[in-house]
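Residue-level structural notes
Read off the chains here:
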2 protein chains.
Amino acid sequence: MTLHHPAPEELELPAVLHALSDPQRLEIVRCLAEDPSPRRCGTFELTVSKSTLTHHFRVLREAGVIEQRADGTARLNSLRREDLEQRFPGLLDAVLGSVPASA
Amino acid sequence: MTLHHPAPEELELPAVLHALSDPQRLEIVRCLAEDPSPRRCGTFELTVSKSTLTHHFRVLREAGVIEQRADGTARLNSLRREDLEQRFPGLLDAVLGSVPASA
DNA sequence: TCGTTGGTACGACGATCATCGTAGCAAAAG
DNA sequence: CTTTTGCTACGATGATCGTCGTACCAACGA
């Protein structure tokens, strides 16, 4: 089962902003930015259930904010920094600079 | 009836991102940024009803994106550029730079 | 005074959202 | 082979969202 990722030119601003407008997803993105090495879904200390976590990762992926790569039964998540920067210059940095250091 | 505006330090990133995640509101903000002189609600060429327009302006105001000042029966709208810049540096410019010139 | 204008309040509608639990699957570990 | 691990799929639930129409109000112009 291949995961769908929007192409760089398909990224839409409202969708990206909506993806970033949830505190849980903002925290995911913050963690991903803090440590650029791809990270598994389970390694985020979020106080939500596993199904909810899956939901948030899908929203981020379908908006084009993160990339999810299969690795066995796990998923490796990483930020699509370059794609976001090219399409929406400065946006991700502005968001990351405005989010508190630790949730 | 005094309109409620959040104080600069009360602005919350998720709320602002959510306010900006709707195409209609994005268009309002784009127009407001294009021409910095305060503008009345009715002067935006949006294809929605008056009640919907009122709703969108309220969401923007309550998130702290715009300021609404009473002027007779009208409302003068303006962007809260300085407040946004101080709280979320670079965010508004990044958003405005990413939104298409004309919707 | 009487319309007209610019906007709000309220209630409604269907759609989407965030959340969860349960069930399940595929890969890795034993 | 069996168990565990990591995650998804599905369905449900209550909340919020975007949209609208109707009713209304306050200020202005004739």
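For the structure itself, consult the block above.
Just so we're clear, the structure is a prediction, and the values are computed from it rather than from any experiment.

Take the interface of chain B and chain A next. Counting from both sides, the interface comprises 17 residues of chain B and, opposite them, 17 residues of chain A. When chain B packs against chain A, the two sides together hide about 1300 Å² of surface, and 78% of this comes from carbon and sulfur. Taken together, the links from chain B to chain A amount to zero salt bridges. When residues of the side of chain B that touches chain A are traced back to their parent elements, those giving at least two are helix H1 (13-20), helix H2 (23-34) and helix H5 (91-98) of chain B. In the side of chain B that touches chain A, the residues fall into twelve nonpolar, four polar and one charged.

Two faces, one strand: in a regular strand the side chains alternate between the faces of the sheet. Residues and elements named next belong to chain B. Summarising the sheet, strand E2 (residues 66-71) and strand E3 (residues 74-79) pair through six bridges and their orientation is antiparallel. Considered in E3, the bridge of glutamate 67 is made with serine 78. Connecting E2 to the antiparallel partner E3 that follows it, the hairpin turn spans two residues, and glycine 72 within it adopts a positive phi of roughly 70 degrees.

Strand pairing in a sheet relies on backbone hydrogen bonds, with the paired strands running either antiparallel or parallel. With antiparallel pairing, three strands are arranged side by side in an open sheet as E1-E3-E2 (chain B). Looking at which strands have only one partner, the edges of the open sheet turn out to be strand E1 (39-40) and E2 of chain B.

Moving on: the side chain of Gln68(B). Residue and element names in this part refer to chain B. Within the fold, glutamine 68 resides in strand E2. For glutamine 68, a relative accessible area of 7% corresponds to the buried category. Here arginine 61 takes part through its side chain, which lies 2.8 Å from a polar atom of the side chain of glutamine 68. At 2.8 Å, the side chain of glutamine 68 forms a polar contact with the side chain of asparagine 77. Not counting the four nearest positions on each side in its chain, glutamine 68 is found in contact with Leu3, His5, Cys41, Phe57, Arg61, Arg75, Leu76 and Asn77.

All names here are of chain A. Spatial ordering of the open sheet is given by E1-E3-E2, a layout of three strands whose pairing is antiparallel. A strand with exactly one partner marks an edge of an open sheet, and here the two such strands are strand E1 (39-40) and strand E2 (66-71). Against the sheet, helix H3 (residues 50-63) makes contact with E2 and strand E3 (74-79), and its axis sits at roughly 120 degrees relative to E2, the strand it touches most.

Here we come to the relation of the copies chain B and chain A. What connects the two chain copies is a rotation about an axis and a shift along it. It takes a turn of 180 degrees to lay chain B on chain A, together with a shift of 0.0 Å along the axis; the resulting RMSD is 0.0 Å. Read as a symmetry element, the transformation amounts to a two-fold axis. A symmetric contact is evident, with 100% of the interface residues of chain B recurring at the interface of chain A.

Quick look at the packing of H1(B) against helix H3 (residues 50-63) of chain B now. All names here are of chain B. Contact pair H1 / H3: the axes reach a minimum separation of 9 Å and the direction vectors enclose 155 degrees. Considering the angle they form, H1 stands roughly antiparallel to H3. In terms of crossing hand, the pair formed by H1 and H3 is left-handed. Contacts between H1 and H3 involve Ala15, Val16 and Ala19 from the first element and Val59, Leu60 and Ala63 from the second. The residue inventory of the contact of H1 with H3, partitioned by class, reads six nonpolar, no polar and no charged.

Definitions and limits used
- Residues numbered from 1 in each chain as written.
- Chains lettered and ligands numbered in written order.
- Predicted model: local features only at pLDDT ≥ 70, side-chain atom pairs only at ≥ 80, totals over all residues.
- Heavy atoms only, no water.
- Contact = heavy atoms within 4.5 Å.
- Buried area = accessible area lost by both parts, 1.4 Å probe.
- Salt bridge = Lys/Arg side-chain N within 4 Å of Asp/Glu carboxyl O.
- Helix = DSSP H or I, 4+ residues; strand = E, 2+ residues; numbered from the N terminus.
- Nonpolar A, V, L, I, M, F, W, Y, C, P; charged D, E, K, R; others polar.
- Pairing = 2+ DSSP bridges.
- Buried < 20%, exposed > 50% of the residue type's maximum accessible area, 1.4 Å probe, protein only.
- Polar contact = N/O pair within 3.5 Å; in protein donor to acceptor, adjacent residues only side chain to side chain.
- Axes fitted to C-alpha atoms, helices over the stretch in contact; angles between N-to-C directions.
- Least-squares fit on C-alpha atoms with pLDDT ≥ 70 in both.
- Parallel < 35°, antiparallel > 145°, perpendicular 65-115°, else oblique.
- Left-handed = near helix turned anticlockwise from the far one by under 90°.

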